[in-house]
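Residue-level structure breakdown
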Amino acid sequence: MRIEDTEFFKGFVRMADDGWNMGWHERNGGNLSYRLKKEEVESINSSFSCGEWENIGVTVPLLAEEFFMVTGSGKFFRNVKDKPEDSVCIIEIDDKGEKYRIVWGLINGGRPTSELPTHLMNHQAKKRITNGKYRVVYHAHTTNIIALTYILPLKDEIFTRHLWEMATECPVVFPDGIGVVEWMVPGGRDIAEATEKLMEKYDAVVWAHHGLFATGEDFDLTFGLMHTIEKAAEILIKVFSTRFDKLQTIMPDDFRRLAKDFNVNLPERFLQ
Ligand code: 13P
Ligand code: ZN
């Protein structure tokens, strides 16, 4: 089967293009990765041609011998739809979880996203916690979330509570809340470890003055989570642009009633 004809490939390209159209991917901003299913690998591996093994920079033993579709470093989301074979690649992880090699794509050279350590550490945590259900990790430069990191204290509880208040669907879509990583140098092991620690509790993590990471089972749920959080942030920025307080809002007891009716668990620490 041609890689371009598979459902996962079409879903990946569509999501990258949707993100571009949302305005979240200026220049080469943002990156996307998807962990392939065994049957997907088997249906396309006759088109693979293997490159050299390279160090990942972190060790991800739980991902040994897995395959990922990943955006390339320095590649523009804007181009993914028209030139996928130049913009994205499929990589294979070695049997120890220490190295990767490109088996398809990036035909004009290049390497996977510089945030590969964070993507793979998030995949490893989510594969373990969700019993393999989660397959997508997405990083975008979402304008309003970034703006909030200049005016709100960088605390999980404060970001979560403010965003929950911005739309009744928010606590239902991300009942576990969201995490916040203070400003750090991107692209390396330290920020990957800090993000992974929070991804053990949450499905989304803010990078202060930089963007947002979201994870999920499939492209729809992961894109939907990114979109819901960024839209809530946009509403909050609009509210704050009008006045720096709220005249009325969704109150702690309202969240408790919502949790009961929608059958979600909203931790009390977000409601104090
Ligand atoms: P890459 O082009 O290496 O994916 O980097 C973009 C980015 O958003 C870094 O955080
Ligand atoms: Zn980034």
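As shown above, the structure is provided for reference.
Residues numbered from 1 in each chain as written. Chains lettered and ligands numbered in written order. Predicted model: local features only at pLDDT ≥ 70, side-chain atom pairs only at ≥ 80, totals over all residues. Heavy atoms only, no water.

Concerning a nonpolar patch on the surface
- Judged by side-chain polarity, Y150, I151 and F244 come together as a nonpolar surface patch covering roughly 360 Å² of accessible area.
- Take F244: it is sitting in the loop between helix 10 (219-242) and helix 11 (252-262).
- By relative accessible area, F244 is classed as exposed at 57%. (Patch = residues over 30% accessible without salt bridge, like charges linked within 9 Å, V, L, I, M, F, W, Y side chains within 5 Å. Areas by Shrake-Rupley, 256 points an atom, 1.4 Å probe, with all protein chains shown as cover. Salt bridge = Lys/Arg side-chain N within 4 Å of Asp/Glu carboxyl O. Helix = DSSP H or I, 4+ residues; strand = E, 2+ residues; numbered from the N terminus. Buried < 20%, exposed > 50% of the residue type's maximum accessible area, 1.4 Å probe, protein only.)

Considering the environment of W104
- Position of W104 relative to the elements: it lies in strand 5 (residues 99-105).
- For W104, a relative accessible area of 12% translates into the label buried.
- Distance from W104 to N45, taken between C-alpha atoms, is 9.2 Å for residues 59 residues apart in sequence.
- Residues in contact with W104, not counting those within four places in the same chain, are I3, E4, F9, S47, F48, S49, M69, E85, V88, C89 and I90. (Contact = heavy atoms within 4.5 Å.)

Comments concerning the coordination of the zinc ion (ligand 2)
- Coordination of the zinc ion (ligand 2) by the protein is provided by H139 (NE2), H141 (NE2) and H210 (NE2), with metal-donor distances spanning 2.1 Å.
- Coordination of the zinc ion (ligand 2) draws on donor residues from a single chain, spaced H-x1-H-x68-H in sequence.
- Its relative accessible area of 1% is what places H139 among the buried residues. (Donors = N, O, S within 2.8 Å, 3.2 Å for Na, K, Ca; no water.)

Digging into the packing of aromatic side chains
- Under the definition given, this model contains ten aromatic pairs.
- Pairing F8 with Y34 gives two aromatic rings, centres 5.6 Å apart and planes at 15 degrees, and the pair type is stacked. Taken as a pair, F8 in helix 1 (residues 7-22) and Y34 in strand 1 (residues 31-35) lie far apart in primary sequence, 26 residues in all. The same class applies to F8 and to Y34, which are both buried.
- Their ring planes at 20 degrees and their centres at 6.3 Å tell us that Y138 and F223 sit as a pair that is stacked. (Phe/Tyr/Trp six-rings, centres within 6.5 Å; stacked < 30°, edge-to-face > 60°.)

Topic: unusual backbone geometry
- One non-glycine residue, E65, adopts positive backbone phi at about 65 degrees.
- Residue placement: E65 occurs in the loop between strand 2 (54-55) and strand 3 (67-71).

Things to note about the site of ligand 1
- Every residue close to ligand 1 is listed here: N28, G29, G30, N31, S73, G74, T113, S114, E115, H139, H141 and H210.
- Taking T113, its side chain carries an N or O atom lying 2.7 Å from an oxygen atom of ligand 1.
- If ligand 1 stood free it would expose 310 Å²; the protein chains cover 91% of that surface.
- Across the shell around ligand 1, the residue classes tally to no nonpolar, eleven polar and one charged. (Near = heavy atom within 4 Å. Polar contact = N/O pair within 3.5 Å; in protein donor to acceptor, adjacent residues only side chain to side chain. Nonpolar A, V, L, I, M, F, W, Y, C, P; charged D, E, K, R; others polar.)

Quick notes on the pairing of strand 4 (residues 88-93)
- The element strand 4 is largely enclosed, with a buried count of six among its six residues.
- Residue alternation in strand 4 divides its side chains into two sets, V88, I90 and E92 and C89, I91 and I93, and both sets are buried.
- Pairing geometry for strand 3 and strand 4, over five bridges, is antiparallel. Across the sheet, the residue bridging to V70 is C89, located in strand 4.
- Here strand 4 folds back onto strand 5 in antiparallel fashion, the turn holding five residues, of which G97 has a positive phi close to 75 degrees. (Pairing = 2+ DSSP bridges.)

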